[in-house]
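Below, each chain spelled out in residue letters.
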Amino acid sequence: MSAPGERPVDLALAREHGLTEDEWRRILAILGRAPSFSELGVFSVMWSEHCSYKSSKRHLRGLPTRGEHVLQGPGENAGAVAIGDGLAAVFKIESHNHPSYIEPKQGAATGVGGILRDVFTMGARPVASLDSIRFGPLEDPKHQHLLRGVVEGIGHYGNCVGVATVGGETTFHPCYRGNILVNAFNLGVVEADRIFLGHAAGVGNPVIYAGSRTGRDGIHGASLLASAEFDETTEEKRPTVQVGDPFTEKCLIEACLELMRGDDVVGIQDMGAAGLTCSSFEMASRAGTGIEMDLDLVPQRAANLTPYELLLSESQERMLLVARAGREDAVCEVFRRWGLEAVVIGRVTGDGRMRVRFRGHTVVDIPVDPVAASSPELDRPAREPADLRERQKLDLAGVAPEEDPGAALEALLDDPNLGSKAWIWRQYDQLVQGNTILRPGGDAALVRVKRDDGTPTAKALALAVDCNPRLCWLDPRAGTIAAVAEAARNVACTGARPLALTNCLNFGNPEKPEIMWELREAIAGLGEAAEALGTPVVSGNVSLYNETHGVPIYPTPTVAAVGLLEPWQAHAVSHFTASGYAVVLLGEPREDLAGSAWLAVRRGLEAGVPPRVDLAHEKRLHALLARAVREGLLVTAHDVSLGGLAVALAEACFSGPAEIGADLRFEDRMRPDALLFGETPGVVIAAAPDAEPLLAAAREMGVPARAVGRTGGARLRVRGPGGAVWLDAEVARLRAVFERALPRRLEAGGGRP
Amino acid sequence: MFAVVQFPGSNDDRDMAFALKCVLGVDARLVWHAETALPAGTQAVLLPGGFSYGDYLRCGAMARFSPVMAAVRRFAEAGGPVLGTCNGFQVLCEAGLLPGVLRRNRDLHFVCDFVHVRVERAAPPFTSRAAPGRVLRLPVKHGEGAYTASPELLARLEANGQVVLRYCGPDGGPGGNPNGSTGDVAGIRNEAGNVLGLMPHPEHAVEAAIGGRDGALLLGSLVDAVQAGWTPR
């Protein structure tokens, strides 16, 4: 084989491609010869951590992925759950961490583009996105730059492509100084019997390339960039970051959805990580077929591309389709009408091999299965971090009590992790497609479902994404359980029933036993919580090597939950809506400040054993919320999380169109700061015109509940036993502090706010 | 029949058609940008929001050359009502059907939020359902929405009563300008009065629980005008 760009291949070159000696031997055994240079490229990307999940897959197998609603679990481009009346919700979350650190705007933009393609590939119209983004301290000018770039990238792509970004979460913490996280979630809606899969089925069927031309961008982006730690050479990797074109994506969406209304498409997949290689191998592997293709037919935007480059390029906005034989012209014509290129580049074969030709030479001839489905699987050693017990040490009696709860509340609301994120989400189109019932800023977003022909339905989907990395650092299993519980609880606070989960596991270098232990523990926690709450994990993504100069991020298993509410016309909001309403506390706060934001912000401590999540209580609470909304027993439901009861109450007071105070009294015999700022999971603040019907329902369903006071006035007042005033703050002032948390720091950074 | 023009990159086309069909109950159809004529029976034309052709050159700069735009121009010149929202407003300015230009927002950020606009002129075909001075709550979502006009042009627009909507505070007083528009202009019409461009999105405020109903006042006014056979004087 002496096609252009070919060169001799040996173990040393394989190593440069990130392959191990073991893997090299495996390649020789599979082929019975040394690979060509193009083939080496194929193996290196397919067996990269990013594409093969080799460190995580044996652990992921234990996750609960089935359930009565689940139509498609992990393994396809995205998961799918039935939402009734023949409709399905298709969703997934995915990381674009490494590229976003190197080039924040394009890195984040292409992250959004990739997740949108995963969803519309299934035949679903993408309707709503969430973003989960994490940076180093906002005081650091570099991280201000990264925040601005990432937000601009997410906004630019989502806004232009016409998909609403309806919520998300943002963390600022020193552990992300060397590795920011950009996790993008998208959800689409499809008729359940029109879900398309990435299957290259039907021997003789044409393989069609559609969308943007192929260039040299993004070669080894996912495979090498996202499968290794950062170091001094990281800057040199900028060319591996792809550039996004949302206009082309918008046209691709419309063209693909139009095609998928008919019967000409057999299988379809986007060319994401590892481009043409990954999409063709995965499609053939799932269908048990082979593919032969001719790279000379691939539309190209650069001259003299080698077969290696054509196979590995991660140029954006490209799709691979298998069409019914004889219908190729009709398929290509739809793309052309949308101004897109589409050409037949090969055929499906029956021999289970991938054969790729270039200028008359065969440059790749590999059996599909050993590369795709039977890729290497590692059982990496795992060991509890030596300092874990040290992290968990906290003697609450030794922590000085809060001397000024009012000042503490303001300090928390001013913290960028707790303060308003409006600066971010105002840059996102939250409304396009006309379905956004609850916008960002509350517990969960709520999006009305329309059928493909535009007919509105009584269904709405609630979406939330959560992870408290501090808790995961203190105990990855407990922290992940807390993330699942919080995401599901946020969804439940709208009145929706949580249906299923997707997740993005962001961790450090898995070659270190401590990181592997964190990952294993987190997956175990994810499984335990998903099982207990009856919310299977239907899709996900793993991002490892989030580590620079040997310093890893905190374990960050981001969890997104999707819930169904029907009819949506009855839903709860997270703010107080009227004066004189009863405020009811659902769930019981415990005297605990371990891992709390208060402890971090006011005492400079990240320590303790995270408060345990009572999953049985959690499930009862979610059921109560759904019933209470359905029966009109409450109008407000707001989750108590970061910053505890005081912050949650403040948010309920000022997050609505009008500021409404509250006057509350607690009889709990505990430290005032623990009641005000403790973060016991499974606690929700509710408000209703009348407390009694809600309390009765709570009693019936086994959820602790008590009336604690009434809404009204311009102040938030909390009293303890005997009427002692524990907190007395002006709502307008709290709101001002909350709203300025991000802008004041971005202005201080010297740039434009 | 209400014709909603669909450029490649239009995003709010389906939402506009939804508002007209499902909420206001009139016949609305999407018209592909490559058409050289409007469908027979077209009574009003709507240019929706989005990023026509990606807006890579300048917002609306490519769309003005679309085949369908020649037909829209003829329709407007014959007195037919034309409403452009957001990107549609930009297209109308680029096409010279409305005066002035739309530039990057004052703070250079894309902004999506609800704003208040005051109805400066309550008359058919776009604002007959609102009383003068009425404050509407409507969403904006744009990166290039700063309406920009020379002092002379602005004076002329004011004198002719062409400023139809103006950004304001919740009570109708000053403030609330989200993008740095000259004279707080949120929407203007042409001299004849049959072409209106505005940055806010009435189509995203037609259902009480999803953005409120204030946008239906504007679109409903257009429906009234069409049904009454309104023509410019």
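Residues numbered from 1 in each chain as written. Chains lettered and ligands numbered in written order. Predicted model: local features only at pLDDT ≥ 70, side-chain atom pairs only at ≥ 80, totals over all residues.

**Some words on the overall build of chain B**
We count it as follows: In DSSP terms, a helix is any run of H or I states spanning at least four residues, a strand is any run of E spanning at least two, and both are numbered starting from the N terminus. Our radius of gyration looks at C-alpha atoms and nothing else; its globule reference is 2.2 Å times the residue count to the power 0.38. Each residue is classed by its C-beta neighbour count within 10 Å, where at least 20 other C-beta atoms makes it buried, 12 or fewer makes it exposed, and intermediate counts make it partly exposed; the C-beta atoms are placed from backbone geometry. What counts as a contact is two residues whose backbone-derived C-beta atoms lie within 7 Å of each other.
Looking only at helices and strands, chain B has five helices and 11 strands in total. Here the C-alpha radius of gyration of chain B, 16 Å, is about what a compact globule of 233 residues would show, namely 17 Å. For chain B, the C-alpha atoms occupy an extent of roughly 45 × 35 × 35 Å along the three principal directions. For chain B, the residues scored as buried account for 58% of the 233 residues in total. Sequence-distant contacts in chain B: of pairs separated by 6 or more residues, those separated by 24 or more amount to 75%.

**Here we look at the overall build of chain A**
Within chain A one finds 26 helices and 28 strands. Taking 27 Å as the expected radius of gyration for a compact globule of 753 residues, we find that chain A reaches 26 Å, a close match to that expectation. Taken along the three principal axes of its C-alpha coordinates, chain A extends 90 × 55 × 45 Å. Evaluated residue by residue, chain A yields a buried proportion of 64% over its 753 residues. Taking all contacts inside chain A whose residues are at least 6 apart in sequence as the whole, residues at least 24 apart take part in 84%.

**With respect to the nonpolar core**
The tendency in soluble globular proteins is for nonpolar side chains to be buried as a group. Residues and elements named next belong to chain A. Formally: Buried Ala, Val, Leu, Ile, Met, Phe, Trp, Tyr and Cys residues whose C-beta atoms connect them within 7 Å together make up a nonpolar core.
Leu463 and Val484 are the most contacted members of the largest nonpolar core, which totals 333 residues. If one sorts the elements of this core by residue count, helix H19 (residues 476–492) sits on top with 10 residues. Residues contacting valine 484, with those up to four places away along its chain left out, are Leu501, Leu526, Ala529, Ala530, Leu533 and Val559.

**Some thoughts on the pairing of strand E27 (residues 715–719) of chain A**
Residues and elements named next belong to chain A. Going by this rule: DSSP bridges decide pairing: two strands pair if at least two such bridges lie between them.
Alternating positions in E27 separate cleanly, Leu716 and Val718 being buried on one face and Arg715, Arg717 and Arg719 remaining unburied on the opposite face. Pairing geometry for strand E24 (residues 662–665) and E27, over four bridges, is parallel. In the sheet register, aspartate 663 faces E27, and the bridge partner there is arginine 717. Where E27 meets strand E28 (residues 725–730), five bridges bridge the pair, whose relative direction is antiparallel. When the sheet's bridge partners are listed, arginine 715 is paired in E28 with glutamate 730. Taking the residues between adjacent antiparallel strands as the criterion, E27 and E28 are bridged by five residues, where glycine 722 takes a positive phi near 75°.

**Observations regarding the sheet that holds strand E7 (residues 135–142) of chain B**
All names here are of chain B. Our working definition: Lines fitted to C-alpha atoms define the axes here, with helix axes fitted over just the stretch in contact, and angles between the N-to-C directions of these axes take values from 0 to 180 degrees.
Across the sheet, nine strands lie side by side as E2-E1-E3-E4-E11-E10-E9-E6-E7; this open sheet has mixed pairing. The two strands at the open ends of the sheet, each matched to only one other strand, are strand E2 (28–32) and E7. This sheet shows a mean twist of 25° between the axes of neighbouring strands, independent of strand direction. Across eight bridges, strand E6 (residues 111–119) lies against E7 in antiparallel orientation. Note on E7: the bridge partner recorded for valine 117 is leucine 136.

**Describing the packing of helix H10 (residues 246–260) of chain A against helix H13 (residues 328–337) of chain A**
All names here are of chain A. Note the following rule: The sense of a crossing depends on the near helix, which, turned anticlockwise from the far helix by less than a right angle, makes the crossing left-handed and, turned clockwise, makes it right-handed. Any residue that is not Ala, Val, Leu, Ile, Met, Phe, Trp, Tyr, Cys, Pro, Asp, Glu, Lys or Arg is counted as polar, Gly included; the first ten are nonpolar and the last four charged.
At a minimum axis separation of 9 Å, H10 and H13 run at an interaxial angle of 145°. As H10 packs across H13, the resulting crossing turns out to be right-handed. Facing Ala255, Glu258 and Leu259 of H10, the residues of H13 in contact are Val331, Val334 and Phe335. Taken together, the residues of the contact of H10 with H13 break down into five nonpolar, no polar and one charged.

**Quick notes on H13 of chain A**
Residue and element names in this part refer to chain A. Keep this limit in mind: For this quantity, the arc is that covered by the directions from the helix axis to the C-beta atoms.
All of the buried residues along H13 are Val331, Cys332 and Phe335. Considered in projection along H13, the buried side chains sweep an arc of 95° and stay on one side of the axis. Those residues of H13 that are exposed and aimed more than 90 degrees away from the buried face are Asp329 and Glu333. Residues of H13 that are buried make contact with strand E7 (206–211), H10, strand E8 (265–270), strand E10 (318–323) and strand E11 (341–349). Two residues or fewer after H13 comes glycine 339, characterised by a positive phi angle close to 75°.

**Considering the interface of chain B and chain A**
Facing the 26 residues of chain B at the interface are 27 residues of chain A. When contributions to the side of chain B that touches chain A are tallied by element, the ones reaching two or more residues are helix H1 (13–23), E6 and E7 of chain B. Element by element, the count of residues in the side of chain B that touches chain A is highest for H1 of chain B, at four residues.

**What to know about the sheet that holds E8 of chain A**
All names here are of chain A. Spatial ordering of the open sheet is given by E8-E10-E7-E11-E9-E12-E13, a layout of seven strands whose pairing is mixed. Looking at strand neighbours, the two that pair on one side only are E8 and strand E13 (361–367), the edges of this open sheet. Shown here is a sheet whose adjacent strand axes are inclined to one another by a mean of 20°, direction ignored. Here six bridges tie strand E12 (residues 353–358) to E13, and the two strands are oriented antiparallel to one another. The residue of E13 that forms the bridge with valine 356 is valine 364. Here helix H11 (residues 275–287) sits on the sheet and contacts E8, strand E9 (290–294), E10 and E12; the angle it forms with E8, its principal contact strand, is near 140°.

**Considerations on the environment of tyrosine 545 of chain A**
Structurally, tyrosine 545 of chain A is set in the loop between strand E18 (537–543) and strand E19 (547–548). Sequence separation between tyrosine 545 of chain A and glutamate 49 of chain A is 496 residues; the distance between their C-alpha atoms is 9.2 Å.

**Looking at unusual backbone geometry**
Cis geometry marks the peptide bond from glutamate 566 of chain A to proline 567 of chain A; its omega dihedral reads -5°. Mapped onto the elements of the fold, proline 567 of chain A is located in the loop between strand E21 (556–565) and strand E22 (582–586). Across the junction of proline 124 of chain B and proline 125 of chain B, the peptide omega takes the value 5°, indicating a cis bond. Inspection of the secondary structure assignment puts proline 125 of chain B in the loop between E6 and E7. Phi at tyrosine 53 of chain A takes a positive value of approximately 55°, unusual for a residue other than glycine.

**Re the environment of cysteine 112 of chain B**
With respect to the element layout, cysteine 112 of chain B can be found in strand E6. In this structure cysteine 112 of chain B touches Arg426, Tyr428, Asp429, Gln430 and Leu431 of chain A together with Pro139 and Lys141 of chain B, once residues within four positions along its chain are discounted.

**Comments concerning the environment of valine 5 of chain B**
Residue and element names in this part refer to chain B. Tracing the chain through its elements places valine 5 in strand E1 (residues 2–6). Put simply, valine 5 and arginine 103 are 98 residues apart on the chain and 23 Å apart in space, counted from C-alpha to C-alpha. Not counting residues within four places of it along the chain, the set of residues in contact with valine 5 comprises Val31, His33, Val45, Leu46, Leu47, Val68 and Val72.

**Focus: the pairing of E21 of chain A**
Residues and elements named next belong to chain A. Summarising burial for E21: 10 of the 10 residues are buried, a large majority. Here E21 shows no split at all, with Thr556, Thr558, Ala560, Val562 and Leu564 on one side and Pro557, Val559, Ala561, Gly563 and Leu565 on the other all buried. Judged from the seven bridges that link them, strand E16 (residues 456–466) and E21 form a sheet pairing that is antiparallel. Residue valine 465 lies in a different strand from E21, and its bridge partner there is alanine 560. Pairing of strand E17 (residues 497–506) with E21 involves nine bridges; the strand directions are antiparallel. Across the sheet, residue asparagine 503 finds its bridge partner in E21, namely valine 559.

**A few points about the confidence of the model for chain B**
The test is simple: Every residue gets a pLDDT, meaning the predictor's confidence in that residue, from 0 to 100.
With 100% of its residues at a pLDDT of at least 70, chain B reaches an overall mean of 95. Of the two predicted TM-score estimates for the complex, the pTM is 0.95 and the ipTM is 0.96.

**Focus on the packing of helix H7 (residues 104–120) of chain A against helix H8 (residues 141–161) of chain A**
Residues and elements named next belong to chain A. Contact pair H7 / H8: the axes reach a minimum separation of 7 Å and the direction vectors enclose 35°. In this structure, H7 crosses over H8, and the sense of that crossing is right-handed. Counted together, Pro104, Lys105, Gln106, Gly107, Ala108, Ala109, Val112, Gly113 and Leu116 of H7 and Leu146, Gly149, Val150, Glu152, Gly153, Ile154, His156, Tyr157, Gly158 and Val161 of H8 form the full contact between these two elements.

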